Amino acid sequence: GDSVTQMEGPVTLSEEAFLTINCTYTATGYPSLFWYVQYPGEGLQLLLKATKADDKGSNKGFEATYRKETTSFHLEKGSVQVSDSAVYFCALSGLGAGSYQLTFGKGTKLSVIP
Amino acid sequence: GAVVSQHPSRVICKSGTSVKIECRSLDFQATTMFWYRQFPKQSLMLMATSNEGSKATYEQGVEKDKFLINHASLTLSTLTVTSAHPEDSSFYICSARRTGLYEQYFGPGTRLTVT
């Protein structure tokens, strides 16, 4: 079945550092890919998405490119802020009968220190 | 747009009682709603998928008689935890899929504590 693997955290960075959170997936066909962010005590918010190969999703300075050849969707940000501290989830939505279900990675906790 | 609310945000109940959690799509119609459970420092576990007007589809290992799901309208789904036990304490999150689209929008979650 479909699966998502993302780098284990926690990740601790200094403010203005470069961020990469790796995400790879296994799925049949051409899934849609997502990054969600969860701030402490809150639900999930969609950060960005990509629906086909070579698409780049971007939002709030974060970017991720849908790489079909490497089955990856790595999250990057050039300069993190303290307010970016949160848990980040990579997810995919596949095709077929379960196409509306999301498969999540385990999440990566990011802590940004001043 | 695409706001999903949950009520209550926090609830404490005694063991053996039942508690109902509501999930509402405030500004769109949701044909499908999903219920997730999240344990501390872990990912979201899909519990069930509910489609408006039909019975929910539960994931393997989730007791349908314990976690009752009702999706009576295009904007409201409820999860009732029956005969709650301390091990049911968790963070429950719902999401809603806008009719005609595949994207899910998440509620803020409900923290359930069973004493």
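It should be noted that the structure appears before, not after, this text.
The rules behind these values
Residues numbered from 1 in each chain as written. Chains lettered and ligands numbered in written order. Predicted model: local features only at pLDDT ≥ 70, side-chain atom pairs only at ≥ 80, totals over all residues. Heavy atoms only, no water. Helix = DSSP H or I, 4+ residues; strand = E, 2+ residues; numbered from the N terminus. Buried < 20%, exposed > 50% of the residue type's maximum accessible area, 1.4 Å probe, protein only. Phe/Tyr/Trp six-rings, centres within 6.5 Å; stacked < 30°, edge-to-face > 60°. Pairing = 2+ DSSP bridges. Contact = heavy atoms within 4.5 Å. Salt bridge = Lys/Arg side-chain N within 4 Å of Asp/Glu carboxyl O. Polar contact = N/O pair within 3.5 Å; in protein donor to acceptor, adjacent residues only side chain to side chain. Nonpolar A, V, L, I, M, F, W, Y, C, P; charged D, E, K, R; others polar. Axes fitted to C-alpha atoms, helices over the stretch in contact; angles between N-to-C directions.

S.K.: Please clarify how the overall build of chain B should be interpreted in this entry.
M.R.: The secondary structure content of chain B amounts to 0 helices and 11 strands. The order of α-helices and β-strands along chain B, N terminus first, is β-β-β-β-β-β-β-β-β-β-β. Overall, chain B is about 40 × 25 × 25 Å in size when its C-alpha atoms are taken along their principal axes. Within chain B, the fraction of its 115 residues that count as buried is 50%.

S.K.: How do you make sense of the packing of aromatic side chains when you look at a structure like this?
M.R.: To describe a pair of aromatic rings, one takes the distance between the centres and the angle between the planes. Tallied over the full model, the rule gives 11 aromatic pairs over all chains. For the ring pair Phe104 of chain A and Phe106 of chain B, a centre distance of 6.0 Å and an interplane angle of 70 degrees mean the geometry is edge-to-face. On the criterion of chain membership, the pair formed by Phe104 of chain A in strand S11 (residues 102-104) and Phe106 of chain B in strand S10 (residues 104-106) is interchain, its members lying in two chains. Grouping residues by exposure puts Phe104 of chain A and Phe106 of chain B together as buried. Of the aromatic side chains, those joined through ring pairs into one cluster are Phe34, Tyr36, Phe89 and Phe104 of chain A together with Tyr36 and Phe106 of chain B.

S.K.: I keep staring at the pairing of strand S6 (residues 44-50) of chain A and nothing clicks. Help me out?
M.R.: Regular strands place their side chains on alternate faces of the sheet. All names here are of chain A. Relative to S6, strand S5 (residues 32-38) is paired through 6 bridges, and the arrangement is antiparallel. What sits directly across from Val37, in S6, is Gln45. Taking the residues that link successive antiparallel strands as the turn, the S5-S6 hairpin has 5 residues, and the phi of Gly41 there is positive, at about 75 degrees.

S.K.: How should I be thinking about the interface of chain B and chain A in this particular structure?
M.R.: Size of an interface: often given as the accessible area lost when the parts come together. With 19 residues of chain B in contact, the opposing surface of chain A contributes 18 residues. Applying the counting criterion to the chain B and chain A interface returns 0 salt bridges. In this assembly, chain B and chain A are joined by 5 residue pairs in polar contact (both at pLDDT 80 or more). When contributions to the side of chain B that touches chain A are tallied by element, the ones reaching two or more residues are strand S4 (30-38), strand S5 (44-51), strand S9 (90-98) and S10 of chain B. Grouping the amino acids of the side of chain B that touches chain A by side-chain chemistry returns 10 nonpolar, 6 polar and 3 charged.

S.K.: Would you mind going over the sheet that holds strand S7 (residues 56-59) of chain A with me for this structure?
M.R.: Think of a sheet as strands paired side by side through backbone hydrogen bonds, with each pair either parallel or antiparallel. All names here are of chain A. Overall, antiparallel pairing links the 4 strands, which are arranged S3-S9-S8-S7 in an open sheet. The sheet is open, and its two edges are formed by strand S3 (19-21) and S7, each paired on a single side. Averaged over all pairs of adjacent strands, the angle between their axes in this sheet comes to 15 degrees, without regard to strand direction. Here strand S8 (residues 62-65) pairs with strand S9 (residues 75-77) via 3 bridges, running antiparallel. Counted as the bridge partner of Phe62 is Lys77 from S9.

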